[in-house]
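As a plain string of letters, each chain reads:
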Amino acid sequence: MGTSSKIAFCHQFLSTLVVSSVFRSKFPHSVLLGNLGLVSANGETWAEMRRFALLAFRTMGVGRDLMEERILNELNSRCAEIDADAVNGKTIVHTAEFFDITVGNVINSVLVGKRFDDQNKKEFLKLKGLLDSTAELFTIFDLTVPVWILQKVCPVRYARMIEVQEEIINYVSREAQERYEQFQKGEYTLNHEDPQDFVEAYLVKIEEEKEKGGSSMYTLECLKHVIGDLWLAGQDTTATTLVSGFNQLVNHPEIMKKCREELMKLTGNGSRPLSLKDRAESHYLNAVLAEIQRHASILNVNFWRINHEPTTVKGYTVDSGSVITAQLGALHVNNDIFKNPEKFYPERFIENEKLLNQVIPFGIGKRSCVGENIAKSELYLMIGNLLLRYDIRPHGSLPSTEDQLPYSAGKLPDKTVKLEFVKL
Ligand code: HEM
């Protein structure tokens, strides 16, 4: 396929970002927010920020022990809260809220080195509610029509989406802004050798670029957008996958039981936490996670690319300038690959291990997910360790596993669900 650039990013919950991506693709950058950040940027800025983000994550131990430590510390704190609220060993947990904060805290600690405190937590949940409400507004229509039509036909709705985007970006990048200002005033000493979080790594880079002289892509504005993009792309996707996963698991207690048996064996009856090092041995959990991601398949519409050269796809001519997409969600329900795709059946991956490679929730290629390693570590450690600690049951009726917003840009599991966590 010819060279293509990404024109729209559409995690369901990034609906507001999609609007800006499409917006940016249709108008000169100078009129807009600029070709900033990662998700909706193209060309040299995108390539530079992507390289930088991947390197910074590696330096900060993503996929290694340091990342595991951050995730387990966070999980321990959240489990301590669950345990403190327990009555006769049982706590009723609103799973969407639980995972929103847990995942939000992990990503916050990687990006800005902090968890949400009690006061921030409320503010954060308010913003999340706002963001979720725009997901309801955002449809495939918004992805398809030019932005000027959206602005003319539904100005109030459009303005609301943009406002929410700005509010979220300002909120999540507030810490970065404060540190940048301290750094400019010389009140903040950088740890050049061992940056403790993403913002510090970025500030080190700004300083290095300054020493070289000339203009640089590494600016406060760009940092705010990169942080905003990483946060938005990483928080809701991971939290939603976890909610979707537990909605499935409580509908299949026999799968939870089988998984727990495997994990108990691996961890000496739960005498130590499950670790990323166990991945090679935890065949059944690996299969469960793949099945969760196949079902969660959080996108209804995939990211669009613009084709820069004429090409042919399965005998069809695709002209330059065409907007194209590969539909990951459709692949995950392809009956030729996954028999009875509607069934939640992790055993399919035990029966045929090669199927694991056919589940591609993070995309493939040069614009594949930057946070794949972080997300995989979170899913593995959170699901595995929660199953080791709690028997998890429905509170009242069984949750639905249906998509709640079938006409939205992405899939939405039932986020109203409360589950009972019973300490083992
Ligand atoms: C279960 C969780 C996640 C899923 C299913 C997911 C899925 C995806 C998918 C399908 C893409 C687009 C791939 C393409 O266009 O080919 C993507 C891009 C991206 N994701 Fe994720 N993601 C997840 C978590 C994360 C996390 C934790 C982060 C950050 C810490 C993140 C950051 C990004 C970014 C920045 C991009 C844009 C990359 C680019 O355009 O170069 N994602 N993600």
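Conventions we followed
- For every chain, the first residue of its written sequence is number 1, and the numbers climb from 1 along that sequence.
- Per-residue local features of the predicted model are confined to residues with pLDDT of at least 70, and side-chain atom pairs are confined, for both listing and counting, to 80 or more; whole-chain, interface and lining totals are unaffected and use all residues.
- Heavy atoms from the whole structure form the basis of all side-chain values; hydrogens and water molecules are not counted.
- UniProt positions are given in the numbering used here, feature names are shortened, and annotations may be inferred rather than shown by experiment.
- Runs of E in the DSSP output that reach at least two residues are strands. Runs of H or I that reach at least four are helices, and both are numbered from the N terminus.
- Using a 1.4 Å probe on the protein chains alone, a residue whose accessible area is under 20% of its type maximum counts as buried, one over 50% counts as exposed, and one in between counts as partly exposed.
- Any two residues whose heavy atoms approach within 4.5 Å at even a single point are treated as in contact.
- Here the Shrake-Rupley method, with its probe set to 1.4 Å, supplies the accessible areas, and only the displayed protein chains count as covering residues.
- Only buried Ala, Val, Leu, Ile, Met, Phe, Trp, Tyr and Cys residues count toward a nonpolar core, and they belong to the same one when joined by side-chain atoms within 4.5 Å.
- Residue proximity to a molecule or strand is established when one non-hydrogen atom of the residue lies within 4 Å of it.
- The definition of a polar contact used here is a pair of N or O atoms within 3.5 Å, where within protein one atom must be able to donate a hydrogen and the other to accept one, and adjacent residues in sequence count solely through side-chain atom pairs.
- Being paired, for any two strands, means DSSP has found at least two bridges between them.
- To obtain an axis, a line is fitted to C-alpha atoms, over the contacting stretch when the element is a helix, and the angle between two such axes runs from 0 to 180 degrees between their N-to-C directions.
- Water is absent from the atoms considered, so a metal site may look incomplete; donors are defined as N, O and S atoms within 2.8 Å of the metal, or 3.2 Å for Na, K and Ca.

As recorded by UniProt, the Cofactor (unreviewed entry) comment attached to the chain reads in full: "heme".

Draft legend 1. Local environment of the overall build of the chain. Scanning the chain from N- to C-terminus turns up 16 helices and eight strands. By residue count, 55% of the 424 residues in the chain fall in the buried class. The long-range fraction of contacts in the chain, counting pairs at least 24 apart against all pairs at least 6 apart in sequence, stands at 75%. With the model as given, the accessible surface of the chain reaches about 19300 Å², and the carbon-plus-sulfur share is 53%.

Draft legend 2. Inspection of the nonpolar core at higher detail. If you look at the biggest cluster of nonpolar residues, it comprises 92 residues, and the most contacted ones within it are Phe198, Leu386 and Ile392. It is helix H11 (residues 220–251) that provides the largest number of residues to this core, a total of 14 residues. Apart from residues no more than four positions distant in its own chain, Leu386 is found in contact with Leu75, Cys79, Phe98, Phe99, Phe246, Ile392 and Phe421. Counting six residues, the second largest nonpolar core, distinct from the first, contains Ala287, Ala290, Phe338 and Val359.

Draft legend 3. Quick look at the site of the ligand. Around the ligand there are 31 residues in total, and Trp46, Arg50, Phe303, Arg367 and Cys369 lie nearest to it. Residue Ala233 places a main-chain N or O atom 3.4 Å away from a nitrogen atom belonging to the ligand. Residue Arg367 places a side-chain N or O atom 2.9 Å away from an oxygen atom belonging to the ligand. Breaking the shell around the ligand down by element, the ones donating at least two residues are helix H2 (43–59), H11 and helix H16 (372–389).

Draft legend 4. Highlighting the sheet that holds strand E2 (residues 90–94). Within the open sheet, the three strands sit side by side as E2-E8-E7. Their pairing is antiparallel. Of all strands in the sheet, those bounded by a partner on one side alone are E2 and strand E7 (390–394). Between one strand axis and the next, the sheet turns through 30° on average, direction left out of account. Direction of pairing for E7 relative to strand E8 (residues 418–423): antiparallel, over a ladder of five bridges. Of the residues in E8, the one forming a bridge with Arg393 is Glu420. Strands in contact with H11 are E7 and E8; relative to E7, the strand with the most contacts, it is inclined by about 85°.

Draft legend 5. Fine view of the coordination of the iron atom of the ligand. Coordination of the iron atom of the ligand by the protein comes from a single atom, Cys369 (SG), at 2.3 Å. Take Cys369: it is sitting in the loop between helix H15 (347–351) and H16.

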